[in-house]
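# Residue-level structure breakdown
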Amino acid sequence: MNSKNKLDSCIFVVFGATGDLMRRKLISGFFNLHKKNMLPDNFSIIGVGRRDYDDEAFRHEMCLSLDEYTKTKLTKKEIWRKLRAKIYYYKMNFLKKEGYIGLNEYLKKIELDNDTKGNRIFYLSVKPSFFETISFNLNVNGLINRKNKFSRLVIEKPFGRDLFTARKLNKCISKHFNEDEIFRIDHYLAKETVQNIMVLRFANGLFEPLWNNKYIDNIQITAAESIGVGTRAAYYDQFGALRDVVQNHLVQLLSLVAMEPPDSFDSYHIKKRKVKLLESISVYDSEKAASNSVRAQYIKSNKLKDSIGYRYEEGTDNCSMTETYSALTLEIKNDRWDGVPFYIRAGKKLKYHATEIVINFKDTSSKLFSDFNLSNNVLVLRLQPDEGIHLLFNTKKPGNELNIKDVKMDFCHKAVFGINTPEAYERLLLDVIKNDSTLFTRWDEVENAWKIVDPFLKSWEKNKTNLSFYESGSWGPKEADLLIEKNSHKWNIPIYESICRIR
Ligand code: BG6
């Protein structure tokens, strides 16, 4: 049974529809939902952009994108034929009032033709500098419907450039949309393994009793990408790794791993706990921020064919000081986590693609084994690729003598549940339509995340030359190793080989 019948009819207006996100993620999200019969019966998608397309050209572009990016190639033409009839294109300049007046008229016509009841979802897949202008214009030009209808605003990250600009942006958007109408996207929250963090922690009596500073030595969160900036250099060069990935995705992961158990699984209670946790992360002064962080940029590798440094990527400034890697040590001041360092790192052009949360346990083994060189237990939550969970523990090697070896116990999501888990964006699009904000970030989460990250930005700003470099294809700069060696810790190397061979 699907929940389709409960879904309200609506129109989904995507600003920036000719951009990368629509082609890579959103259209396949819509397509998969349509294929599973999970979109409302009366539903339309309006792509809004500055390019000179008509409906047919836009539909063709979407079809090509689906062929290129969707995991389930567009073989079932009939399915696409039905979806394509719901897709339209409207060309406008986001900065001009007349554009919005025209768009409103256009939407009214589509709404009449498709009986979408005046319910409108506006998705801003545009440069952050357009967020304020678009939300302002939607309101003053009468595009926001409320009486017996709904209007929602979906906004992509980054939400501001720092605490100050985020507050300013929020203040502006809040003049036009209520908090419960705003859906701030952090697509990591919709990843299967991320949602599994709470289940792992709270549905298993085994882990939660150990989830504290008595048993845990340090926690590491790594988001390693092997790709570079690709076609997004113009955006990325203005933002860098800390704003692009750490302030949002990684701080969200941290809050889920470290928060106290919520009173219930509903959005309100989960967010309440996450915010409480974020509030207990130390906000450093500038000096402490400098000594607890590393920022770095990738350079060409002599070992990799066709490798180029960040500054030579198309669209970056050739003197750019933007970081493509950042590593931080954070501390949480509460009874559960006092004394446990949280190491967070994110980088592009690293050795391979891996997003992992690693829980390194303390050595609490029995004195019986004090003569043995035992490995500490490690629990790895693998987010991607190949979602899974690994537990490292010690076992006796077969034989007459007592020899101990560490072994890994693997759970592979794909092997157990199959490969048809919904993509993050598919889930998020459906949740906006259903008005379920659990997997979206509330303003106080975003604000607290900026409070934590702001001192690092400020300290880097003060000391502009403090940028390290690392070779493409490596695990980052040596300064990141030194950062945690201060505490006698080492970065865990992400698991390389896929454990997801279907056995
Ligand atoms: C995005 C960042 O939010 O997340 C990108 O802007 C990054 O720079 C991407 O590549 C990573 O997402 P995923 O789902 O591929 O891990």
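Quick caveat, the model's predicted, so the values are computed rather than measured.

### Considering the overall build of the protein chain
Looking only at helices and strands, one finds 14 helices and 16 strands in the protein chain. On C-alpha atoms alone, the protein chain measures out to a radius of gyration of 24 Å, which is about the 23 Å that the 2.2 N^0.38 rule sets for 503 residues. Projected onto its principal axes, the C-alpha coordinates of the protein chain cover approximately 80 × 55 × 50 Å. A total of 503 residues make up the protein chain; the buried ones form 54% of that total. Pairs at least 24 residues apart make up 78% of the contacts formed inside the protein chain by residues separated by at least 6 positions. For the protein chain, the computed accessible surface area is about 23400 Å², with 51% contributed by carbon and sulfur atoms. Side-chain charges of the protein chain comprise 79 positive and 65 negative groups, with the mean position of each set lying 2 Å from the other.

### As for the sheet that holds strand S10 (residues 342-347)
The sheet built from nine strands is open, its strands ordered S14-S13-S12-S11-S7-S10-S9-S8-S16 with mixed pairing. Here the strands that pair on one side only, and so sit at the sheet edges, are strand S14 (404-412) and strand S16 (468-471). Strand-to-strand twist across the sheet, computed as the mean angle between neighbouring axes with direction ignored, equals 20°. Set on the sheet, helix H8 (residues 233-258) makes contact with strand S7 (216-224), strand S9 (325-330), S10, strand S11 (354-361) and strand S12 (378-384); between it and S10 the angle comes to about 145°. Taken strand by strand, helix H14 (residues 478-485) contacts S7, strand S8 (293-299), S9, S10 and S16, and its axis lies near 5° from that of S9.

### Digging into the site of the ligand
Taken together, the neighbourhood of the ligand is formed by Lys-157, His-187, Tyr-188, Lys-191, Glu-225, Arg-232, Asp-244, His-249, Lys-348 and Gln-384. When the residues that make up the shell around the ligand are grouped by side-chain class, the tally is one nonpolar, three polar and six charged.

### A closer look at the sheet that holds strand S3 (residues 87-91)
Spatial ordering of the open sheet is given by S3-S2-S1-S4-S5-S6-S15, a layout of seven strands whose pairing is mixed. The outermost strands of the open sheet, each flanked by one partner alone, are S3 and strand S15 (440-441). Pairing between strand S2 (residues 43-49) and S3: five bridges, direction parallel. In the strand pairing of S3, Gly-47 is matched with Tyr-89. Across the face of the sheet, helix H2 (residues 55-69) comes into contact with S2 and S3 while running at roughly 120° to S3.

Reading the values: rules and limits
Residues numbered from 1 in each chain as written. Predicted model: local features only at pLDDT ≥ 70, side-chain atom pairs only at ≥ 80, totals over all residues. Heavy atoms only, no water. Helix = DSSP H or I, 4+ residues; strand = E, 2+ residues; numbered from the N terminus. Rg over C-alpha atoms; globule rule 2.2 N^0.38 Å. Buried < 20%, exposed > 50% of the residue type's maximum accessible area, 1.4 Å probe, protein only. Contact = heavy atoms within 4.5 Å. Areas by Shrake-Rupley, 256 points an atom, 1.4 Å probe, with all protein chains shown as cover. Lys, Arg positive; Asp, Glu negative; His and termini not counted. Charge placed at Lys NZ, Arg CZ, Asp CG, Glu CD. Pairing = 2+ DSSP bridges. Axes fitted to C-alpha atoms, helices over the stretch in contact; angles between N-to-C directions. Near = heavy atom within 4 Å. Nonpolar A, V, L, I, M, F, W, Y, C, P; charged D, E, K, R; others polar.

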